[in-house]
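Secondary and tertiary structure notes
Each chain is listed here by its residues.
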Amino acid sequence: MVFPVPEAWAERAHMDAAGYEAAWKRVQADPEGFWKEVAGRLDWIKAPTKIKDVSYAKEDFHIRWFEDGVLNVSANCLDRHLPTRADDVAFIWEGDNPAQSRKITYREAHEEVCRMANVLKSRGVAKGDRVTIYLPMIPEAAYAMLACARIGAVHSVVFGGFSPDSLAGRIQDCDSRLVITADEGLRGGKVVPLMRNVAAALEDCPGVDTVLVVSRTGADVPMKAGRDIPYGPERAAAGVDCAPEPMNAEDPLFILYTSGSTGKPKGVLHTTGGYAVWASWTHELVFDYRPGEIYWCTADVGWVTGHSYIVYGPLANAATSVIFEGVPNYPTSSRFWEVIDKHQVEIFYTAPTALRALMREGEAPVQRTSRKSLRLLGSVGEPINPEAWLWYHRVVGEGRCPIVDTWWQTETGACLVSPLPGATALKPGSATKPLPGVYLQLVDAEGKVLDGATSGNLCITDSWPGQMRTVYGDHQRFFDTYFSTYPGKYFTGDGCRRDEDGYYWITGRVDDVINVSGHRMGTAEIESALVGHHDVAEAAVVGFPHDIKGQGIYAYVTLKADVQPTENLRKDLVLWVRQEIGPFAAPDAIQWAPGLPKTRSGKIMRRILRKVAENDLGNLGDTSTLADPAVVDDLVKNRIGR
Ligand code: WT7
């Protein structure tokens, strides 16, 4: 099934089909000239003359873009729009409670960011220092990011759903001295005890000397004298001007922690010039964005989607960006569509998991809203199944809105594979084609390059400006994780099919990373939380297909010898993981496993565990190399039916 490019889109688009072909020809013929021109979309204090210097080779590994350029991202997102667009709306904030919303102009956003930047400075934060941001979806979250960017501090945003332990680990890893949080958050009518979580986390973070506490609910939360400082009075006293710090293109902009197949979460580090170019260019191309259009990305700023497509990309493009505090089904499952009507949203960008949950409620909650303002729909975070795609297109978009299914990763900074609304015919379930200058390759397990219509592991053979530059504090891990599996290439960790038209269909992770409702997690992290419980001897976690969440979490748990498996213990373990990592990491199924399938050398055969969890019992494969093949019979017999 193919949906052709609507004529009106081809006519208005920044890049139509011919433009896409032409861009590909130019980037191949003259990459330096091409990227120099793309970089020219930003305001540089000193324009770059060195454009690209990259080697993925082990001996000479480095990635540098625009390296002699100087700029400030906050000035690009705010100051440069002031002469002509100071009264345009930068942010529309929509509260969890539908009665609360607010518009913030570029002039106001500039002032707020300067105030917060001045407060940070007055507390001793300087260029290069790390600042941890643990805030709900309120405008201050965006101000905090831009305030850091303004003074050259490196922000690390931690999603408000993370536990005190997870927060502490992230604060320690990047050695933040200052944390910005709120008294409480509000989500779906429920209170999120942010300050309480910070207080608990900081018991293990002696390096933090200052916590700025934004008042969201006004609740009375415990404040430690000398350390915890209400932001309100500081803001009121702060100056409304703060000169943006000139930053080198390769100076760090932010760290964002993400899960891998092994070990603790990695601090993905993005730098200033390349990231800002990539976020802004892709936001304009993929959403065919023009200033004045109302644009809404429903992500949380705690994830990379919120960084690139709520804050940096849109603001660099003088957009009006909606910041939504709430959830899709509160107060009712019409909420998304009501907000679209209320603010006349034209471009709407959300995740398949939200669509699948709303689909389950039927069409009525959608139909009772107008949605006439909508022109373009987007999807991100996980593969979108054709059924959800078609529902999104037919019911939400009433058949008139193209859908851009955007594939990318925390590591890639912003989008790499996506249709362009005026250039690309759509196939439901396919992220379609790479953006100009993004060189995809499919390889088999041994690294042999696969041509034509085929399936394999998705690699990228050359750099793009928005690529991450290192794992904070562990450059070796950066190389080992992404560039050692297939030498000379960036390995994405995703499996992918390419069809006869050269369209790409991402099939999901091929490593031990799982994607649960768009939340990326390492199975190793959940295992390590489980074995931290005093009754657990061993645990193995795998993903299984889940109708709403995309993937669910299936845990096999071996208890200590004297412990009885009970329903209460099962509940206790679910609660334990919620507390250790965060509510979204709660296992969907826990199976008691007297033994785990291991090879004679002691390696757990996860393939078998996945097959049992998926109920694909006819395909268990060769079990003869197991130390104790009988273990498998027990696993199959006691499989949780769910
Ligand atoms: C992983 C990256 C993209 C930013 C938010 C998630 C999966 C993401 C798609 C898509 C199929 C997708 C991949 C990827 N993914 N977008 N359109 N189609 N899969 O970023 O948390 O770093 O996760 O999300 O598996 O590797 P992330």
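Residues numbered from 1 in each chain as written. Predicted model: local features only at pLDDT ≥ 70, side-chain atom pairs only at ≥ 80, totals over all residues. Heavy atoms only, no water.

So, about the UniProt feature "domain: AMP-binding enzyme C-terminal" (unreviewed entry) in the chain. UniProt annotation of "domain: AMP-binding enzyme C-terminal" (unreviewed entry) refers to residues 525–603 when read in the numbering used here. For residues 525–603, helix accounts for 27% and strand for 32%, while the C-alpha atoms at its two ends are 17 Å apart. (UniProt positions renumbered as here; feature names shortened; annotations may be inferred. Helix = DSSP H or I, 4+ residues; strand = E, 2+ residues; numbered from the N terminus.)

Taken together, 17 residues lie near the ligand, and Asp405, Thr406, Thr410, Asp494 and Arg520 sit nearest. Note that an oxygen atom of the ligand is positioned 3.5 Å from one of the side-chain N or O atoms of Asn515. Taken by itself the ligand offers 550 Å² of open surface, and the protein chains cover 96% of this. Elements represented by at least two residues in the shell around the ligand include exactly helix H12 (304–316), strand S20 (403–406) and strand S26 (504–509). The class makeup of the residues in the shell around the ligand is six nonpolar, six polar and five charged. (Near = heavy atom within 4 Å. Polar contact = N/O pair within 3.5 Å; in protein donor to acceptor, adjacent residues only side chain to side chain. Areas by Shrake-Rupley, 256 points an atom, 1.4 Å probe, with all protein chains shown as cover. Nonpolar A, V, L, I, M, F, W, Y, C, P; charged D, E, K, R; others polar.)

Where charged atoms of side chains with opposite charge meet at close range, the side chains can pair. If you walk through the whole model with that rule in mind, you get 41 salt bridges. Of the charged contacts in the structure, one is a salt bridge between Lys372 and Glu398, with a shortest N-O distance of 3.2 Å. Within this pair, whereas Lys372 is found in the loop between helix H15 (364–367) and strand S19 (376–380), its partner Glu398 is found in the loop between helix H16 (386–396) and S20, the two being separated by 26 residues in sequence. Judged by relative accessible area, Lys372 falls into the exposed class, the value being 58%. Between Lys549 and Asp588 there is a salt bridge, with the nearest N and O atoms lying 2.5 Å from each other. Taken together, the residues Lys549 in the loop between strand S29 (536–546) and strand S30 (550–559) and Asp588 in the loop between helix H19 (567–580) and strand S31 (589–592) connect sequence positions 39 residues apart. A cluster of three or more residues bridged by salt bridges with shared partners is formed by Arg12, Asp288, Arg290, Glu293, Glu346 and Arg375. (Salt bridge = Lys/Arg side-chain N within 4 Å of Asp/Glu carboxyl O. Buried < 20%, exposed > 50% of the residue type's maximum accessible area, 1.4 Å probe, protein only.)

Tracing the backbone shows Ile133 in strand S6 (residues 130–134). You can call Ile133 buried: its relative accessible area is 1%. Spatially, the C-alpha atom of Ile133 lies 9.2 Å from that of Gly160, the residues being 27 residues apart in sequence.

A separate point is the sheet that holds strand S24 (residues 470–471). Strand order across the open sheet formed by eight strands is S12-S11-S8-S6-S7-S14-S15-S24, with mixed pairing between neighbours. Sheet topology places strand S12 (228–230) and S24 at the edges, where each strand pairs with a single neighbour. One ladder, built from five bridges, connects strand S8 (residues 178–182) with strand S11 (residues 210–214); its direction is parallel. By the bridge assignment, Leu178 is partnered in S11 with Thr210. Packing of helix H8 (residues 164–174) onto the sheet brings it into contact with S6, strand S7 (154–157), S8 and strand S14 (252–258), and relative to S6 it is tilted by some 165 degrees. (Pairing = 2+ DSSP bridges. Contact = heavy atoms within 4.5 Å. Axes fitted to C-alpha atoms, helices over the stretch in contact; angles between N-to-C directions.)

The subject of this paragraph is the packing of aromatic side chains. According to the stated counting rule, one finds 46 aromatic pairs in the structure shown. Between Phe479 and Phe483, the ring centres sit 6.3 Å apart and the planes meet at 20 degrees, which makes this aromatic pair stacked. In this pair, Phe479 and Phe483 are both assigned in helix H17 (residues 475–483), four residues apart and thus about one turn of the helix distant. Residue Phe479 is classed as buried on the basis of its relative accessible area of 8%. You can call Phe483 buried: its relative accessible area is 1%. An aromatic cluster of at least three residues, connected via ring pairs, comprises Tyr56, Phe61, Trp464, Phe478, Phe479, Tyr482, Phe483 and Tyr490. One Lys or Arg, Arg170, reaches over the ring of Phe162 and ends 4.1 Å from the middle of that ring. Between the NZ or CZ atom of Lys427 and the centre of the ring of Tyr503, over which it lies, the distance is 4.7 Å. (Phe/Tyr/Trp six-rings, centres within 6.5 Å; stacked < 30°, edge-to-face > 60°. Lys NZ or Arg CZ within 6 Å of the ring centre and 35° of its normal.)

What follows deals with the environment of Thr217. Following the sequence through the fold, Thr217 ends up in the loop between S11 and S12. A C-alpha to C-alpha distance of 43 Å links Thr217 and Glu614, two positions 397 residues apart in sequence. Setting aside chain neighbours within four positions, we find Thr217 in contact with Asp183, Glu184 and Leu186.

Moving on to the state of the cysteines. All chains considered together, the criterion is met by zero disulfides. Cys242 forms no disulfide, and the closest cysteine sulfur to it belongs to Cys114, at a distance of 5.6 Å. (Disulfide = S-S within 2.5 Å.)

Taken together, the seven strands give an open sheet; going across it, the order is S5-S4-S17-S16-S18-S19-S20, and neighbouring strands pair in mixed fashion. Edge positions in the open sheet fall to strand S5 (101–105) and S20, since each of these has one partner strand only. When strand polarity is set aside, the average angle formed by the axes of neighbouring strands in this sheet is 20 degrees. Across three bridges, strand S16 (residues 294–297) lies against strand S17 (residues 320–324) in parallel orientation. When the bridges of S17 are listed, Tyr295 appears paired with Ser321.

Once the domains are mapped, the chain shows domain 1 (1–438) and domain 2 (517–638). Contacts between domain 1 and domain 2 engage 22 residues on the former and 19 residues on the latter. Together domain 1 and domain 2 conceal approximately 1,400 Å² of surface at their shared face, both sides included; 47% is due to carbon and sulfur atoms. Of all residues in domain 1, Ser259, Thr353 and Arg356 give up the largest surface area on contact with domain 2, accounting jointly for 30% of the area buried on that side. Viewed at the interface, domain 2 and domain 1 are joined by one salt bridge. Two residues, Arg520 and Glu411, come together in a salt bridge whose shortest N-O distance is 2.7 Å. Here domain 1 and domain 2 share 13 residue pairs in polar contact (both at pLDDT 80 or more) between them. Listing elements by their share of the side of domain 1 that touches domain 2, those giving two or more residues are H8 and helix H14 (352–359). Of the residues belonging to the side of domain 1 that touches domain 2, the class tally is five nonpolar, 12 polar and five charged. (Domains from an automatic or database assignment. Buried area = accessible area lost by both parts, 1.4 Å probe.)

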